[in-house]
Amino acid sequence: MQSTGSMSGQRRVVVTGMGMVSPLGLGVERNWSRIVAGENGFGRISSFDASDLPAQVAGEVPAGPTESGGLTLSDWVPVKDQKKMDRFIHLGLVAATEAVEDSGWKPESEEDRCRTGVMIGAGIGGLQTIYEASVTVKEGRARRLSPFFIPSALINLVSGHVSIKYGFKGPNHSVVTACATGVHAIGDAARMIMLGDADVMVAGGAEAAVCPLGIAGFCSAKALSTHFNDTPEKASRPWDRDRDGFVMGEGAGIVVLEEYEHAKARGAKIYAEVIGYGMSGDAHHITAPAAGHEGAFRAMQNAVRSAGLTTADIQYVNAHGTSTMADDLELDAVERLFGDDARKLAMSSTKSATGHLLGAAGAVEAIYSILAIRDNVAPPTLNLDNPSRESVIDRVAHTAQERKIDTILSNSFGFGGTNASIILRGV
Amino acid sequence: MSEIADKVKKIVVEHLGVDESKVTPDASFIDDLGADSLDTVELVMAFEEAFSVEIPEDAAEKITTVKDAIDYIEKQKAA
């Protein structure tokens, strides 16, 4: 990922396919047009009765006909296989199918298949499946546990199913770093291509934790918004003074990463290049970032350094910005890193429209950022009515902005104090 | 066809997602109906549940066709 110095001869990695499913619906283009239009994907939780929980709002993937952006599972996963997978795998398969088809990459030879890998992670995995299996055991029916319980719940099974579906026999891996998963998956998969382990990697994250355990668990950790149950569209409000926690979303974001010469040789369309990637650990607290979000600062700094750039080269930051108290700490870190360059910067949180997709967030947001480069549009931060503190950084409140954007940085941070930043540039 | 045979057929169709016409008595779950080893474990569980019978592991291993299943269950029910 170093474009300067001794590493200049190294393999470059580009994005040649994208797929997405989110509370805004199925499909990358539908998602992007709704994001730019300032729409949101929130409602009261409909998949189970949440009336006894403090948080009753979420971003759920809408059911409905495929052609209108809803999820009709049988269009994607054969009926007999559906029960062998938790919902996070369903959503991962939907997004992976779009991404692989979008890339046009169909390896015919055994060698090409062996040079194509998969790296799709999740933050939590098959939580609802684990819950249901636990109830079966508790009821004294352990012998009735489905033989598909374990493979339905395992996080790396999105990667497994995608490899089986397409015959991709290269590295088969999976990232689990809570809410930093999506960025780590893309960054690590890009490095696999750079190091020569593969020529093509299908990478990203999937999550489906809008279930009783997921909502109740994050409620207990005091992480979710609870004051907007009657106005779901206002619940996710990054940097706003009235924010009171994140809103859980579900979905998947998947990209096809490809070695640059490989992509060029087959005439693939190229969306962007992965030019920088940085990581860090907080070594501070299991759920809270340190003062000034110094871990985030170092992740971003490492990404900028690995890209061989300065902050003056970056026009847009897609913030982690979950609509929690930590938003201002991330802002502190970005202001400190960018210094005077912050005055020219646009930074927004698309979680204001989708909610927090946990392990899928980083991948979904990388895709939005790539489209920001393609269309020279900074997507908005919804509900930023009264910032809890002022900043020289334009946080794109309420409405999208046309801006010249060729290089972006996207942040994702996870419980456990894990931070990842990625830098993408138009090609 | 007996009531048991009917029910077995229905369970097989439902669990393996195959066309009813393919579920003939001699059809092998694995060779003819596309099941894998985990599918057959689940099928046996479904039979146990639907007919309130216990199918021990060594008996389950011998149930490889639709007819095997019907015969085993009919024998259990008659006993």
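Residues numbered from 1 in each chain as written. Chains lettered and ligands numbered in written order. Predicted model: local features only at pLDDT ≥ 70, side-chain atom pairs only at ≥ 80, totals over all residues. Heavy atoms only, no water.

Considering the overall build of chain A
Check the secondary structure of chain A and you find 14 helices and 16 strands. Radius of gyration (C-alpha) of chain A: 20 Å, near the 22 Å computed for a compact globule of 427 residues. Across its three principal directions, the C-alpha atoms of chain A cover 65 × 55 × 40 Å. Classification of the 427 residues of chain A by burial places 60% in the buried group. A separation threshold of at least 6 residues defines the contact pool for chain A, and within that pool the share at least 24 residues apart is 78%. Put simply, chain A shows about 15500 Å² of open surface, and 53% of that area lies on carbon and sulfur atoms. (Helix = DSSP H or I, 4+ residues; strand = E, 2+ residues; numbered from the N terminus. Rg over C-alpha atoms; globule rule 2.2 N^0.38 Å. Buried < 20%, exposed > 50% of the residue type's maximum accessible area, 1.4 Å probe, protein only. Contact = heavy atoms within 4.5 Å. Areas by Shrake-Rupley, 256 points an atom, 1.4 Å probe, with all protein chains shown as cover.)

A few points about the interface of chain A and chain B
The partner chain B presents 13 residues to the 10 residues of chain A that form the contact. Summed over both partners, the interface of chain A with chain B comes to about 1000 Å²; 45% of that surface belongs to carbon and sulfur atoms. Counting across the interface, chain A meets chain B through seven salt bridges. Glutamate 54 of chain B is the salt-bridge partner of arginine 143 of chain A, the closest N and O atoms lying 3.4 Å from each other. Taken together, the connections running from chain A to chain B amount to six residue pairs in polar contact (both at pLDDT 80 or more). Of the residues assigned to the side of chain A that touches chain B, the class counts are three nonpolar, one polar and six charged. (Buried area = accessible area lost by both parts, 1.4 Å probe. Salt bridge = Lys/Arg side-chain N within 4 Å of Asp/Glu carboxyl O. Polar contact = N/O pair within 3.5 Å; in protein donor to acceptor, adjacent residues only side chain to side chain. Nonpolar A, V, L, I, M, F, W, Y, C, P; charged D, E, K, R; others polar.)

Examining the pairing of strand β10 (residues 272-281) of chain A
Residue and element names in this part refer to chain A. With eight of its 10 residues buried, β10 lies for the most part within the structure. Of the strand pairs in this sheet, strand β1 (residues 13-22) and β10 are connected by two bridges, and their pairing is antiparallel. Note that in β10 the partner of valine 15 across the bridge is alanine 272. Judged from the eight bridges that link them, β10 and strand β16 (residues 418-425) form a sheet pairing that is antiparallel. Paired with glycine 281 across the bridge in β16 is threonine 418. (Pairing = 2+ DSSP bridges.)

Remarks on the nonpolar core
All names here are of chain A. Core analysis: the biggest nonpolar cluster contains 51 residues, and Val15, Met18, Met119, Ile186, Val255, Leu257 and Val274 have the highest contact counts within it. At 10 residues, the largest contribution of residues to this core is made by helix α14 (residues 361-375). If you look at the next biggest cluster of nonpolar residues, it comprises 32 residues, including Leu26, Val61, Val118 and Val256. (Core = buried A, V, L, I, M, F, W, Y, C linked by side-chain atoms within 4.5 Å.)

As for the UniProt feature "domain: Carrier" (unreviewed entry) in chain B
In the UniProt entry, the feature "domain: Carrier" (unreviewed entry) is given for residues 2-77 of chain B. End-to-end, the C-alpha atoms of residues 2-77 of chain B are 12 Å apart, and along that stretch the chain is 62% helix and 0% strand. (UniProt positions renumbered as here; feature names shortened; annotations may be inferred.)

As for a negative patch on the surface
Residue and element names in this part refer to chain B. Taken together, the side chains of Glu3, Asp6, Asp19 and Glu20 make up a negatively charged region of the molecular surface. Topologically, glutamate 3 is positioned in helix α1 (residues 3-16). Glutamate 3 gets classed as exposed once you look at its relative accessible area, which sits at 68%. (Patch = residues over 30% accessible without salt bridge, like charges linked within 9 Å, V, L, I, M, F, W, Y side chains within 5 Å. Lys, Arg positive; Asp, Glu negative; His and termini not counted. Charge placed at Lys NZ, Arg CZ, Asp CG, Glu CD.)

Some details on the packing of helix α1 (residues 28-36) of chain A against α14 of chain A
Residue and element names in this part refer to chain A. Between α1 and α14, whose axes approach to 11 Å, the crossing angle comes to 75°. One element, α1, and the other, α14, form an angle in the roughly perpendicular class. Between α1 and α14, the residues in contact are Val28, Glu29, Asn31, Trp32 and Ile35 and Ile367, Tyr368, Leu371, Ala372, Arg374 and Asp375, respectively. Of the residues belonging to the contact of α1 with α14, the class tally is seven nonpolar, one polar and three charged. (Axes fitted to C-alpha atoms, helices over the stretch in contact; angles between N-to-C directions. Parallel < 35°, antiparallel > 145°, perpendicular 65-115°, else oblique.)

Thoughts on unusual backbone geometry
Trans is the prevailing form of peptide bonds, just as negative phi is the prevailing case for residues other than glycine. For leucine 358 of chain A, which is not glycine, the phi dihedral falls at a positive 50°. Within the fold, leucine 358 of chain A resides in the loop between α13 (351-354) and α14. At serine 52 of chain B, a residue that is not glycine, the phi angle is positive and equals roughly 50°. Its location among the elements puts serine 52 of chain B in the loop between α2 (37-51) and α3 (57-62).

So, the UniProt feature "modified residue: O-(pantetheine 4'-phosphoryl)serine" (unreviewed entry) in chain B
Mapped onto this numbering, the UniProt entry annotates "modified residue: O-(pantetheine 4'-phosphoryl)serine" (unreviewed entry) at Ser37 of chain B. Looking at the element boundaries, serine 37 of chain B is found in helix α2.

Here's the deal with the packing of aromatic side chains
Residues and elements named next belong to chain A. For the structure shown, the criterion picks out four aromatic pairs over all chains. Taking 5.4 Å as the distance between ring centres and 15° as the angle between the ring planes, the aromatic pair formed by tyrosine 166 and phenylalanine 168 counts as stacked. According to the relative accessible area criterion, phenylalanine 168 is buried, its value standing at 4%. Put simply, the rings of Phe218, Phe246 and Phe415 touch in pairs and so form one group of aromatic residues. The ring of tyrosine 260 carries arginine 12 above its face, with NZ or CZ at 4.3 Å from the centroid. Over the aromatic face of phenylalanine 297 sits the side chain of arginine 336, whose NZ or CZ is 3.6 Å from the ring centroid. (Phe/Tyr/Trp six-rings, centres within 6.5 Å; stacked < 30°, edge-to-face > 60°. Lys NZ or Arg CZ within 6 Å of the ring centre and 35° of its normal.)

Quick word on the sheet that holds strand β8 (residues 248-249) of chain A
Pairing in this open sheet of three strands is mixed, and the strands run β3-β4-β8 (chain A) from one edge to the other. The outermost strands of the open sheet, each flanked by one partner alone, are β3 (43-44) and β8 of chain A.

Brief notes about the packing of helix α3 (residues 87-103) of chain A against helix α7 (residues 157-166) of chain A
All names here are of chain A. Interaxial distance between α3 and α7 falls to 9 Å at its minimum, and their mutual angle equals 45°. Taken together, the axes of α3 and α7 are oblique relative to one another. You can see that α3 and α7 cross each other, and the crossing is right-handed. Here α3 contributes Phe88, Ile89, Gly92, Leu93, Ala96, Thr97, Val100 and Glu101 to the contact with α7, which in turn contributes Leu157, Val158, His161, Val162, Lys165 and Tyr166. (Left-handed = near helix turned anticlockwise from the far one by under 90°.)

Quick word on the UniProt feature "domain: Ketosynthase family 3 (KS3)" (unreviewed entry) in chain A
As recorded in UniProt, the feature "domain: Ketosynthase family 3 (KS3)" (unreviewed entry) lies at residues 10-426 of chain A. Spanning residues 10-426 of chain A, this segment combines 33% helix with 19% strand, and its end C-alpha atoms are found 18 Å apart.

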